[in-house]
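# Structural features, examined
In case you want the letters, here they are:
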Amino acid sequence: MSIISLSDVTKIYRTDTIETTALDSVSLDIDKGEFVSIMGPSGCGKSTLLNVIGLLDRPSAGSVSIDGHNIIGLNDAAMADFRNHNLGFIFQSFHLIPSLSVADNVELPLIYRSGVSASERKRLVSEVIDRVGLSHRRNHRPGQLSGGQRQRVAIARAIVGNPEIILADEPTGNLDSAMSAEVMALLRELNTRDGRTIVMVTHNDDQAKLTDRIINLYDGRRIS
């Protein structure tokens, strides 16, 4: 059963003088519980595709369905609420707030979710920080952590709201091989143990081979 479905999705960026087609009639279906990687050369549309799936960017044409919801007609507020409840994001550059502690960074998605008490937020944050092995670092700030630890904080933040779908954009791009292996093992555990659907953009052939399926893009088109 597809949890993500795109049909003839096109994304065109326009300036006063230039029109760039980032995605050109891309269709794909991703099943619930799949771990899928998106590959292709730089500039082929990988991150744009992930942003469309993640409701961070609206397509210029085509349809997008996430967990049975046609999201094209949603206004910005409804999209933000849907993202907060259904999607978790992991980025190459971590996107942590330097002035906040590990615990406070992880808690951020819950602060914007209505109906979650402060005590419940604290409980959920402690659970996920423990799961990624950083309980002893919960009061540290990002600048006091290694790259691998910062990415584990980002993963904890992505899963604290219990989303069904995790979107990861080059999650090991700034890490050495040992830290990369740790992050990939954690993502695979989230997929196999929790049944979360994961869509990962990567340039790394070896990491892509660890996923269930590889989607290849070239010049904005899906080629496999």
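Before reading further, recall that the structure is shown in the block above.
Since this is a predicted model, take the numbers as computed values, not measurements. (Residues numbered from 1 in each chain as written. Predicted model: local features only at pLDDT ≥ 70, side-chain atom pairs only at ≥ 80, totals over all residues. Heavy atoms only, no water.)

Turning our attention to the packing of aromatic side chains. Applying the stated criterion to the full structure yields one aromatic pair. Here Phe 89 and Phe 91 contribute two aromatic rings whose centre-to-centre distance is 6.1 Å and whose plane-to-plane angle is 5 degrees, an arrangement assigned as stacked. On the basis of relative accessible area, Phe 89 is assigned to the buried category, the value being 18%. (Phe/Tyr/Trp six-rings, centres within 6.5 Å; stacked < 30°, edge-to-face > 60°. Buried < 20%, exposed > 50% of the residue type's maximum accessible area, 1.4 Å probe, protein only.)

Looking now at the layout of surface pockets. Counted as a void, the largest pocket has a volume near 450 Å³. Around the largest pocket, the lining is made up of 17 residues, and of these Asn 84, Leu 87, Phe 89, Pro 109 and Arg 157 lie nearest the centre. Contributions of two or more residues to the lining of the largest pocket are made by α2 (76–86), β6 (87–91), α3 (102–111) and α5 (147–159). In terms of residues, the lining of the largest pocket owes the most to one element, β6, which gives four residues. Partitioning the lining of the largest pocket into residue classes produces 11 nonpolar, four polar and two charged. (1 Å grid on protein atoms, 1.4 Å probe; cavity = no way out; pocket = protein on both sides within 12 Å on 5 of 7 lines; lining within 4 Å. Points joined across faces, edges and corners; volume = space filled by probe spheres on them. Helix = DSSP H or I, 4+ residues; strand = E, 2+ residues; numbered from the N terminus. Nonpolar A, V, L, I, M, F, W, Y, C, P; charged D, E, K, R; others polar.)

Another point: helix α4 (residues 118–131). Counting along an α-helix, one turn takes 3.6 residues, and residues three or four places apart therefore face a common direction. Taking 1.5 Å as the rise per residue, α4 with 14 residues should run 20 Å; its terminal C-alpha atoms sit 20 Å apart, in good agreement. All of the buried residues in α4 are Arg 121, Leu 124, Val 125, Val 128 and Ile 129. All buried residues of α4 fall inside an arc of 130 degrees around its axis, so they share one side. Structural note: α4 exposes Ser 119 and Asp 130 on the side pointing more than 90 degrees away from its buried face. Elements in contact with the buried residues of α4: α3 and α5. Phi turns positive one or two residues past the end of α4, at Gly 133, with a value near 75 degrees. (Expected span 1.5 Å × (residues − 1). Arc of directions from axis to C-beta. Contact = heavy atoms within 4.5 Å.)

Read these as geometric descriptors, not functional statements.
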